[in-house]
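Inside the fold
Given next are the chains, with one letter for each unit.
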Amino acid sequence: MHEHLAAALVGLVGCGLAGALTPYLIRVLPEPPPDPEPEEGVELTPAQKARLEEPPKELYADLGRRPRLGLVAAGISAAAGAGIGAVLGWEWLLCLLLPLVPIGTLLGIVDHSTRLLPSIVVLPATLAALVYGGVRWAATGDADELVRGVVCLLLVRTVFWLLWFIRQAGMGFGDVRLSALLGCVLGYAGAVPLFVGLYSAFLLFGVPGLVIAIARRDRSVLKRAYPFGPFLLAGAWIGIVAGEPLVTAISG
């Protein structure tokens with residue numbers, strides 16, 4: 001009990017302080033290159049058409065200067081870190097998850113505002129997750145966790161790549177990259193967190209839109225493009241923190 005309380009306190013303070021740096025980190029993100037102008041006579045893909053209909057992307061420098069952004073990011077990171085620490089206690093996985101919490105907060109804020117998930121953040125975080133698995137293997141001599149993480153990374157990324165390939169207007173390739181990171185991390189946590197995390201992401205993403213479409217009697221709501229990254233991140237957190245209790249409650 002004391003171990004979980006201490007881990008929750010570390011998550012609360014450490015992730016909260018790191019989350020407070022989010023505005024500065026967003027401001028120094030490199031801007032993506034502009035989309036090339038469509039050539040005359042060339043038929044655009046659904047993804048290209050949807051992109052052209054969107055308003056100009058908010059600059060990272062402007063996003064990072066939003067009032068109270070640091071306070072909001074610190075609060076989200078602190079709550080997420082405390083929840084993970086309270087559930088896991090002093091486990092190896094805490095060494096990976098707590099540093100990823102403020103990174104996830106940054107990605108969620110950026111994707112929510114710009115519908116972009118910067119690869120300059122996602123790819124190094126994925127590499128760090130794989131390095132964690134290698135260090136864990138070297139320290140314990142047990143490769144099961146690393147193998148499980150790599151397999152889940154490849155499996156989840158393949159599924160999301162297929163979803164992106166089928167309907168690029170509804171999912172960006174940044175979601176595919178993020179799914180690889182979360183697949184690896186949830187794979188380390190176990191089969192139940194992986195299943196609950198992914199299921200929760202799609203549930204959180206789909207149900208509110210369906211309810212709004214029914215309430216407004218407007219099917220066009222379901223055809224609009226929305227950022228999926230925040231829901232992926234929230235689902236992953238639910239899978240880690242509440243996956244086992246949810247499955248136990250449902251099955252029992």
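Attention in this report is confined to the structure presented alongside it. (Residues numbered from 1 in each chain as written. Predicted model: local features only at pLDDT ≥ 70, side-chain atom pairs only at ≥ 80, totals over all residues. Heavy atoms only, no water.)

A tally of helices and strands in the protein yields eleven helices and zero strands. When the elements of the protein are put in sequence order from the N terminus, they spell out α-α-α-α-α-α-α-α-α-α-α. Across the 252 residues in the protein, those meeting the buried criterion constitute 38%. For the protein, the share of sequence-separated contacts (at least 6 apart) that also reach a separation of at least 24 residues comes to 78%. (Helix = DSSP H or I, 4+ residues; strand = E, 2+ residues; numbered from the N terminus. Buried < 20%, exposed > 50% of the residue type's maximum accessible area, 1.4 Å probe, protein only. Contact = heavy atoms within 4.5 Å.)

This part is about the environment of Ile-76. You can see Ile-76 is positioned in helix α5 (residues 69-88). Taking the C-alpha atoms as reference points, Ile-76 and Gly-19, 57 residues apart in sequence, are found 7.7 Å from one another.

Glancing now at the layout of surface pockets. The volume enclosed by the second largest pocket comes to roughly 560 Å³. As for the second largest pocket, its lining consists of 27 residues, of which Val-101, Gly-104, Thr-105, Leu-233 and Ala-234 are closest to the centre. For the lining of the second largest pocket, the leading source of residues is helix α6 (residues 94-114), giving nine residues. (1 Å grid on protein atoms, 1.4 Å probe; cavity = no way out; pocket = protein on both sides within 12 Å on 5 of 7 lines; lining within 4 Å. Points joined across faces, edges and corners; volume = space filled by probe spheres on them.)

The subject of this paragraph is the packing of aromatic side chains. If you walk through the whole model with that rule in mind, you get ten aromatic pairs. With 6.3 Å between their ring centres and 50° between their planes, Trp-161 and Trp-164 make a pair best called tilted. A residue pair is termed a helical-turn pair when its members lie 3 or 4 positions apart in one helix, as Trp-161 and Trp-164 do in helix α8 (residues 144-166) at three residues. Residue Trp-164 is classed as buried on the basis of its relative accessible area of 18%. (Phe/Tyr/Trp six-rings, centres within 6.5 Å; stacked < 30°, edge-to-face > 60°.)

On the surface, a cluster of nonpolar side chains totalling about 370 Å² of accessible area is made up of Leu-9, Leu-12, Val-13 and Leu-17. Its place among the elements puts Leu-9 in helix α1 (residues 2-19). (Patch = residues over 30% accessible without salt bridge, like charges linked within 9 Å, V, L, I, M, F, W, Y side chains within 5 Å. Areas by Shrake-Rupley, 256 points an atom, 1.4 Å probe, with all protein chains shown as cover. Salt bridge = Lys/Arg side-chain N within 4 Å of Asp/Glu carboxyl O.)

The biggest cluster of nonpolar side chains holds 52 residues, and the ones touching the most others in it are Ile-26, Leu-96, Leu-107, Leu-178 and Val-185. In terms of residue count, α6 provides more of this core than any other element does, ten residues in total. (Core = buried A, V, L, I, M, F, W, Y, C linked by side-chain atoms within 4.5 Å.)

Our next topic: the side chain of Thr-114. Of note, Thr-114 is situated in helix α6. Within polar-contact distance, the side chain of Thr-114 engages the backbone oxygen of Val-110 at 2.7 Å. Of the polar contacts made by the side chain of Thr-114, one reaches the backbone nitrogen of Leu-116; its length is 3.3 Å. (Polar contact = N/O pair within 3.5 Å; in protein donor to acceptor, adjacent residues only side chain to side chain.)

On to α5, then. Over its 20 residues, α5 extends 28 Å from the first C-alpha to the last, a length consistent with the 28 Å expected when each residue adds 1.5 Å. Once α5 ends, the next one or two residues include Gly-89, with phi positive near 70°. (Expected span 1.5 Å × (residues − 1).)

Attention now goes to the environment of Val-28. For Val-28, the location among the structural elements is in the loop between α2 (22-27) and α3 (46-53). Judged by its relative accessible area of 48%, Val-28 is partly exposed. Sequence separation between Val-28 and Gly-64 is 36 residues, and the spatial gap between their C-alpha atoms is 8.7 Å.

Its location among the elements puts Leu-181 in helix α9 (residues 173-189). Taking relative accessible area as the criterion, Leu-181 reaches 4% and is therefore assigned buried. Once the C-alpha coordinates of Leu-181 and Ala-129 are considered, the two residues, 52 residues apart in sequence, prove to be 7.3 Å apart. In this view, Leu-181 contacts Ala-125, Thr-126 and Ala-129; residues no more than four positions away in its chain are not counted.

Between helix α7 (residues 119-140) and α9, the shortest axis-to-axis distance is 9 Å and the interhelical angle comes to 25°. For the element pair α7 / α9, the angle class is roughly parallel. The way α7 lies across α9 gives a crossing that is left-handed. Contacts between α7 and α9 involve Ser-119, Val-122, Leu-123, Ala-125, Thr-126, Ala-129, Leu-130, Tyr-132 and Gly-133 from the former and Arg-177, Leu-178, Leu-181, Cys-184, Val-185 and Tyr-188 from the latter. Looking at the contact of α7 with α9 residue by residue, the class counts come to eleven nonpolar, three polar and one charged. (Axes fitted to C-alpha atoms, helices over the stretch in contact; angles between N-to-C directions. Parallel < 35°, antiparallel > 145°, perpendicular 65-115°, else oblique. Left-handed = near helix turned anticlockwise from the far one by under 90°. Nonpolar A, V, L, I, M, F, W, Y, C, P; charged D, E, K, R; others polar.)

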